Amino acid sequence: MAPWGIHWFRRDLRIVGNTALRENWQQTKGRTLGLFCFDSKFLGRSDFSSNRFAFFLKTLKALQKDLRERGGDLLVIDKLPQKAFPQLLSYCQKKQLLPPSIITWSRDYEPFARDRDAEIEKLLKENGVFTKTNRDHLLFEPHEILKNEKRGEFYQIYSPFARRWFEALSRDEGQLRIASQKGAKSYFEGNRRDPNLFKLRWQAISKTQDFPWQDAMESFEQINSKQVTIPIPEAGFHRAYEQLLLFKSDLQSYKERRDFPSVSGTSRLAQFLKNGSLTVPQIIYELKLKDLHWTSTSHGPLQFLKELVWREFYYSILFHRPDVEVQSFLPHYRNIEWENNEDFFERWKEGTTGFPIVDAGMRELRQTGWMHNRVRMIVASFLTKDLLIDWRWGEHHFMKELLDGDLAPNNGGWQWAASTGCDPQPYFRIFNPWLQGAKFDPDGAYIKTFVSELREAPTKVLHNPEGDRKPWKYPDPIVNHRAQSAKALLLYRRP
Ligand code: FAD
């Protein structure tokens, strides 16, 4: 048997612009097989999201189709990689089959994934399998944008991080990384559909009955579909690229429109970035953002690029300070005595707090698996500083509900809103949900879309704490914003 390889897919679920996959393909002359491992015991995790998993499975199906149309293959198995790889190696030995000569994957920066990957790398090396990893969904990895390279000091404030990030983009290496994405568009347009791009199918390896892996895609779909609560959108690289092209025409007005939740003014790309159907370098290439500077005067495009940099900033924070996953970035806010009222938490989750803008956001989340960024900030501030509930409860709930739920930006967003993170909203700046609603949803169009009982209510009652909303059978506010803000200030100031 000729040498062959495995590309272990994780959150790089596409073919084009996938450097690690490409290296595998080059080394094995196209004899690369795709593998995805997921252990069904994760289905029971308290922050597991069946909706996001359904979207993930759809993405895997799209990838499998893409690979098969090009002569390749993807096997989805119900096993931890720590168990799966040794099983395959001993199977190869038993059957006197050539083991994979190379196993590749794209790098991940989450604490759990880094530990797992180090374990797998060691295991494979000990068994004589060559491994290779590459950068994928970020343009610059956390170790590349440092405050002090010698001391390995990382940036804790967004602006200097972003300035350094923009400098790196303008240098040859940054420009090269963007230029190398030029194939994505023609791939999307179908000009590169070579049916013989890959030269191996799993059948060639798994012919015998005692092959240790079974395709689990269908069983995952069956088990998971029972728990899905929202319509799952189309997924995969093609859908993601289509979305990118749709957004292209709105890019110039992004800065003016991005804060208004009733307007479709943002890219809706986060869910595709999360699983690697699309990457930041591909977006920069297609939207022609590569020559922008931190001080450029271009408004919409620059603002948009700065948002992508926020994403990379939060990855950098998570990489350098993995403890933020469980505690506040700022030590002096680790002992806040949250009230953690469980009834309030339930009302927040179901969107019946009596604050129309908050309830609209929470219902949008529940009904669609997405929430507008401005509203994410409002509901997060409300949970922590009006309901006095630990930001980790909110973070956990978002992870359960968001299709784009992603540890680094979710944790960053929550710690920003709760004023416990790096470069956060100062603790004494407390969003007033009534004023936020009036400013960002002045005619109540967003509120009326998601809080159906207020559809006929006059706009003036939507943003007024004293407004009478009883005729519409809408609940009274569960707390008084002023009184709660005063309590929050005390909680944050207490040593
Ligand atoms: P756009 O406005 O079109 O932005 C483009 C891209 O930039 C986004 O897709 C995203 O990748 C990135 N981005 C935009 N804003 C931010 C930001 N504030 N921080 C980091 N990256 C950003 N984003 C997630 O991807 N996953 C999460 O789990 C997540 N949880 C959040 C929780 C809270 C409390 C807050 C305040 C923000 C959170 N965000 C999260 C950031 C942001 O709200 C979403 O990325 C954005 O709303 C997604 O919609 P979009 O793709 O249309 O964004």
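Since this is a predicted model, take the numbers as computed values, not measurements.

1. What to know about the overall build of the chain
Now for step 1: When helices and strands are tallied, the chain shows 22 helices and seven strands.
Now for step 2: What you see for the chain is a C-alpha radius of gyration of 24 Å, in line with the 23 Å of a compact globule of 495 residues.
Now for step 3: The principal-axis extents of the C-alpha atoms in the chain amount to approximately 75 × 50 × 45 Å.
Now for step 4: Per-residue burial for the chain yields a buried fraction of 57% across its 495 residues.
Now for step 5: Counting every atom, the chain has about 21700 Å² of accessible surface; 50% of that belongs to carbon and sulfur.

2. Thoughts on the site of the ligand
Now for step 1: What surrounds the ligand is a group of 27 residues, the closest being Tyr 254, Thr 266, Ser 267, Arg 268 and Asn 373.
Now for step 2: Take Asp 404: an N or O atom from its main chain is 2.9 Å from a nitrogen atom of the ligand.
Now for step 3: Contact with the protein chains hides 96% of the accessible area of the ligand, taken as 820 Å² for the molecule alone.
Now for step 4: Of all the elements in the fold, those that place two or more residues in the shell around the ligand are α12 (270–275), α14 (300–320), α17 (373–386) and α19 (407–417).
Now for step 5: Top element by residues in the shell around the ligand is α14. It accounts for six residues.
Now for step 6: Looking at the shell around the ligand residue by residue, the classes come out as 15 nonpolar, six polar and six charged.

3. Let's talk about the packing of helix α3 (residues 81–94) against helix α4 (residues 111–126)
Now for step 1: Closest axis-to-axis distance for the α3/α4 pair is 10 Å, and the angle between their directions is 15°. In terms of orientation, α3 lies roughly parallel with respect to α4. The way α3 lies across α4 gives a crossing that is right-handed. In this structure, α3 contributes Pro 81, Gln 82, Phe 85, Pro 86 and Leu 89 to the contact, and α4 contributes Arg 116, Glu 119, Ile 120, Leu 123 and Leu 124.
Now for step 2: Per-class residue counts for the contact of α3 with α4 are seven nonpolar, one polar and two charged.

4. Some details on helix α1 (residues 19–27)
Now for step 1: Three or more residues of α1 are buried, namely Ala 20, Leu 21 and Asn 24. One side of α1 holds all its buried residues, which, seen down the axis, span an arc of 100°.
Now for step 2: Contacts from the buried residues of α1 go to β1 (5–8), β2 (32–37), β4 (102–106) and β5 (130–134).
Now for step 3: Trailing α1 by a residue or two, Lys 29 shows a phi angle of about 55°, which is positive.

5. Notes on empty space enclosed by the protein
Now for step 1: Tallying each qualifying case throughout the model produces two cavities of 30 Å³ or more.
Now for step 2: Within this model, the largest cavity holds a volume of roughly 90 Å³.
Now for step 3: Residue lining of the largest cavity: Tyr 314, Ile 317, Leu 318, Val 324, Phe 329, Ala 408, Asn 411, Gly 412, Gln 415, Trp 416, Gly 421 and Cys 422, and that is the complete set.
Now for step 4: For the lining of the largest cavity, the secondary-structure elements that each account for two or more residues are α14 and α19.

6. Considerations on unusual backbone geometry
Now for step 1: Even without being glycine, Arg 268 reaches a positive phi, approximately 55°.
Now for step 2: Along the chain, Arg 268 falls in the loop between α11 (254–257) and α12.
Now for step 3: A residue is classified by how much of its surface remains accessible, and Arg 268, at 38% relative accessible area, is partly exposed.
Now for step 4: Even without a glycine there, the phi angle at Leu 388 is positive, about 60°.
Now for step 5: Topologically, Leu 388 is positioned in the loop between α17 and α18 (391–401).

7. Regarding the nonpolar core
Now for step 1: Within the largest apolar cluster, 126 residues are counted, with the highest numbers of intra-cluster contacts made by Trp 165, Phe 304 and Trp 348.
Now for step 2: The contacts of Trp 348, once residues within four sequence positions are left out, are Thr 353, Val 358, Met 362, Val 379, Phe 382, Leu 383, Leu 387, Gly 394, His 397, Phe 398 and Trp 414.
Now for step 3: Formed by 25 residues, the second largest nonpolar core is a distinct cluster that contains Leu 88, Ile 103, Leu 124 and Trp 213.

8. What about the sheet that holds β5?
Strand pairing in a sheet is mediated by backbone hydrogen bonds. Such pairs are either parallel or antiparallel.
Now for step 1: The five strands are arranged β3-β2-β1-β4-β5 in an open sheet whose pairing can be described as parallel. Here the strands that pair on one side only, and so sit at the sheet edges, are β3 (74–77) and β5. Going from strand to strand, the sheet's axes swing by 25° on average, the running direction of each strand aside.
Now for step 2: Direction of pairing for β4 relative to β5: parallel, over a ladder of five bridges. Of the residues in β5, the one forming a bridge with Ser 106 is Asn 134.

9. Some thoughts on the packing of aromatic side chains
Now for step 1: Summed over the entire model, instances satisfying the criterion amount to 49 aromatic pairs.
Now for step 2: Consider the rings of Tyr 187 and Phe 237, whose centres lie 5.4 Å apart with planes at 75°: the pair is edge-to-face. A residue pair is termed long-range when its members are at least 10 positions apart, and Tyr 187 in helix α7 (residues 183–188) and Phe 237 in helix α10 (residues 237–248) qualify at 50 residues. The two residues Tyr 187 and Phe 237 agree in class, both being buried.
Now for step 3: Plain terms: the ring middles of Tyr 254 and Phe 304 are 5.3 Å apart, the flat faces sit at 90° to each other, and that makes the pair edge-to-face. Here Tyr 254, found in helix α11, pairs with Phe 304, found in helix α14; they are 50 residues apart in sequence, far enough to count as distant.
Now for step 4: Taking relative accessible area as the criterion, Phe 304 reaches 4% and is therefore assigned buried.
Now for step 5: Taken together, the ring pairs connect Phe 140, Tyr 155, Tyr 158, Phe 161, Trp 165, Phe 166, Trp 294, Trp 310, Phe 313 and Tyr 314 into an aromatic cluster.
Now for step 6: Above the ring of Trp 8, the side-chain terminus of Arg 10 is found at 4.5 Å from the ring centroid.
Now for step 7: Geometry around Tyr 492 places Lys 385 over its ring, the cationic atom sitting 5.7 Å from the centre.

Parameters at a glance
Residues numbered from 1 in each chain as written. Predicted model: local features only at pLDDT ≥ 70, side-chain atom pairs only at ≥ 80, totals over all residues. Heavy atoms only, no water. Helix = DSSP H or I, 4+ residues; strand = E, 2+ residues; numbered from the N terminus. Rg over C-alpha atoms; globule rule 2.2 N^0.38 Å. Buried < 20%, exposed > 50% of the residue type's maximum accessible area, 1.4 Å probe, protein only. Areas by Shrake-Rupley, 256 points an atom, 1.4 Å probe, with all protein chains shown as cover. Near = heavy atom within 4 Å. Polar contact = N/O pair within 3.5 Å; in protein donor to acceptor, adjacent residues only side chain to side chain. Nonpolar A, V, L, I, M, F, W, Y, C, P; charged D, E, K, R; others polar. Axes fitted to C-alpha atoms, helices over the stretch in contact; angles between N-to-C directions. Parallel < 35°, antiparallel > 145°, perpendicular 65-115°, else oblique. Left-handed = near helix turned anticlockwise from the far one by under 90°. Contact = heavy atoms within 4.5 Å. Arc of directions from axis to C-beta. 1 Å grid on protein atoms, 1.4 Å probe; cavity = no way out; pocket = protein on both sides within 12 Å on 5 of 7 lines; lining within 4 Å. Points joined across faces, edges and corners; volume = space filled by probe spheres on them. Core = buried A, V, L, I, M, F, W, Y, C linked by side-chain atoms within 4.5 Å. Pairing = 2+ DSSP bridges. Phe/Tyr/Trp six-rings, centres within 6.5 Å; stacked < 30°, edge-to-face > 60°. Lys NZ or Arg CZ within 6 Å of the ring centre and 35° of its normal.

Read these as spatial facts, not as claims about activity.
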